[in-house]
Amino acid sequence: MEEQQRRALRRGRARLVAGLRVEPLWDPLERRGIFTRTMLEELQSAGSRGDQARQLIIDLETRGKQAFPVFLSILRDTGQADLADMLIQQCESPLAPPQLLDLRPVELELRGEKQRKSQCFGQTAAWEVAAGIPLAMGNSLLTGTCPCQVYELKADPCGHCLILNNVNFSRDSDLSTRVGSDIDCEKLERRFKALHFNVLARRDLKAQEMVLELQKLARRDHSTLDCCIVVILSHGCQTSHIQFPGGIYGTDGKPIPIEKIVNYFNGSNCPSLRGKPKLFFIQACGGEERDRGFLVDSNSPEDEAPGGSLASDATPFRAPSGNVDEPDAIACLPTPSDILVSYSTFPGFVSWREASGSWYVETLDSVLERYARSEDLLNMLLRVANAVSAKGRYKQIPGCFNFLRKKFFFMCD
């Protein structure tokens, strides 16, 4: 899709959400190859007519070169020519000149403490691994030091924390019981309550029930709160994706893409969380690959081989059916600022779990308990990655996609 066409959809989104009649669009959108039946069912499950219209416009940007002209044609065929004309006008409107940004550092005080100083990092996203070396888009490291920016947490509780804990799966899903997940859930429930979050834990939800819980949280008024956390404990898999890799299974064996989960909370869909940190912690496999690691010189003791109770949350990769995005398809949302997605394992690899809980959650809980009063979140996640990577015969390394603009410190007593 051409840039001016994407821009037209974004400029016209408010009017489209307010007035678009979506019901007559479904059949022609499928018949003309813009969306598959599965995609349309997901769109129809988005909620109200307005919610369906909003998600349709967002997803339309990813559907390739013919999506925009075909959409205009379908609008005219369904008696919505006024909206088609509006989009054409938006497409022909000149682009406003960019505004200059003041990029001078801002000095902030953190709850009366001495200002913490550290190297400032650029705002580009990257997969943060234990060594801090990005494998994706690359961080922009600025030399020298300056007063760092910090997210302010003033409210108490400072935000909502939703934990979705799937343990038992239907027989026809071919997914095993996730022994130890209840221990993970209890640990994180206690931990985030201690960190001044309002915690709600839900157990054994089907995919659509998970979606409804996430949408319910995203639609809440967060205007008096400072943060939001989503924790998902379940089986996982690889999925085709644009932004965030991986998928999560409901207890019925149906997958939900992680990027779909994250997008419920972006600035477009959850206005009351704009500019506020949104943190996602995912304990699930990114695929079925097992990593045996490689030999390094180390002063640390030899790792123990995993016991017989060791299990993974992996399921095989399932290739998408039907149409796929055109090569020129782009991310379907505005820049996902103030979002961090922490994964228990690298994309494509399994995530190990024992009867006493998962490696990732056990380590995350321990690190938060010890360092939350003194260190920012990214530094703590590096500690988690380093500790987990040293475990067991099979290897696992947690990581994150980081779109936070500032340092994040939890509120501690």
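Residues numbered from 1 in each chain as written. Predicted model: local features only at pLDDT ≥ 70, side-chain atom pairs only at ≥ 80, totals over all residues. Heavy atoms only, no water.

- Looking up the chain in an unreviewed UniProt entry gives the name CASP9 protein, with the organism given as Smithornis capensis.

Concerning the packing of helix H8 (residues 181–194) against helix H11 (residues 359–371)
At step 1: Contact geometry of H8 with H11 gives a least axis separation of 10 Å together with a crossing angle of 20°. Viewed along their axes, H8 and H11 adopt a mutual orientation that is roughly parallel. Seen from above, H8 lies across H11 with left-handed handedness. Here Asp184, Lys187, Leu188, Arg191 and Phe192 of H8 come into contact with H11, specifically with Val361, Glu362, Leu364, Asp365, Leu368 and Glu369.
At step 2: The residue makeup of the contact of H8 with H11, split by class, is 5 nonpolar, no polar and 6 charged. (Axes fitted to C-alpha atoms, helices over the stretch in contact; angles between N-to-C directions. Helix = DSSP H or I, 4+ residues; strand = E, 2+ residues; numbered from the N terminus. Parallel < 35°, antiparallel > 145°, perpendicular 65-115°, else oblique. Left-handed = near helix turned anticlockwise from the far one by under 90°. Contact = heavy atoms within 4.5 Å. Nonpolar A, V, L, I, M, F, W, Y, C, P; charged D, E, K, R; others polar.)

A look at the pairing of strand E6 (residues 227–233)
At step 1: Where burial is concerned, most of E6 is hidden: 7 out of the 7 residues are buried.
At step 2: The two faces of E6 match: Cys227, Ile229, Val231 and Leu233 on one face and Cys228, Val230 and Ile232 on the other face are all buried.
At step 3: Here strand E4 (residues 159–165) runs beside E6; their pairing, made up of 7 bridges, is parallel. Bridge pairing in E6 links histidine 160 to cysteine 228.
At step 4: Pairing between E6 and strand E10 (residues 278–283): 6 bridges, direction parallel. Each residue of the ladder has a partner; that of leucine 233, found in E10, is glutamine 283. (Buried < 20%, exposed > 50% of the residue type's maximum accessible area, 1.4 Å probe, protein only. Pairing = 2+ DSSP bridges.)

Quick look at H8
At step 1: In this model, H8 (14 residues) spans 20 Å end to end at C-alpha, consistent with the 20 Å of a helix rising 1.5 Å per residue.
At step 2: Taken residue by residue, H8 has Ser181, Asp184, Cys185, Lys187, Leu188, Arg191 and Phe192 as its buried positions. Buried residues along H8 cover an arc of 165° about the axis, so they all sit on one side.
At step 3: Within two residues after H8, histidine 196 carries a phi angle of roughly 70°, on the positive side. (Expected span 1.5 Å × (residues − 1). Arc of directions from axis to C-beta.)

A word on the UniProt feature "active site" (unreviewed entry) in the chain
At step 1: Sites flagged by UniProt as "active site" (unreviewed entry) map to His235 and Cys285.
At step 2: Inspection of the secondary structure puts histidine 235 in the loop between E6 and strand E7 (236–237).
At step 3: You can call histidine 235 buried: its relative accessible area is 1%.
At step 4: Within the structure, the side chain of histidine 235 is placed 2.7 Å from the backbone oxygen of serine 176, a separation counted as a polar contact. (UniProt positions renumbered as here; feature names shortened; annotations may be inferred. Polar contact = N/O pair within 3.5 Å; in protein donor to acceptor, adjacent residues only side chain to side chain.)

Here we look at the pairing of E10
At step 1: Burial runs high along E10: 6 of the 6 residues are buried.
At step 2: The sheet contact formed by E10 and strand E12 (residues 339–343) spans 5 bridges and is parallel. Bridged to leucine 279 within E12 is leucine 340.

Some thoughts on unusual backbone geometry
At step 1: The step from aspartate 156 to proline 157 runs through a cis peptide bond, and the omega angle for that step is 5°.
At step 2: Counting through the fold element by element, proline 157 comes out in the loop between strand E3 (146–147) and E4.
At step 3: Here the phi dihedral of histidine 196 falls at roughly 70°; this positive angle occurs in a residue that is not glycine.
At step 4: Structurally, the position occupied by histidine 196 is in the loop between H8 and strand E5 (197–203).
At step 5: With a phi angle near 65°, aspartate 338 is a residue other than glycine that sits in the positive phi range.
At step 6: For aspartate 338, the position within the fold is in the loop between strand E11 (311–312) and E12.
At step 7: Aspartate 338 gets classed as buried once you look at its relative accessible area, which sits at 1%.

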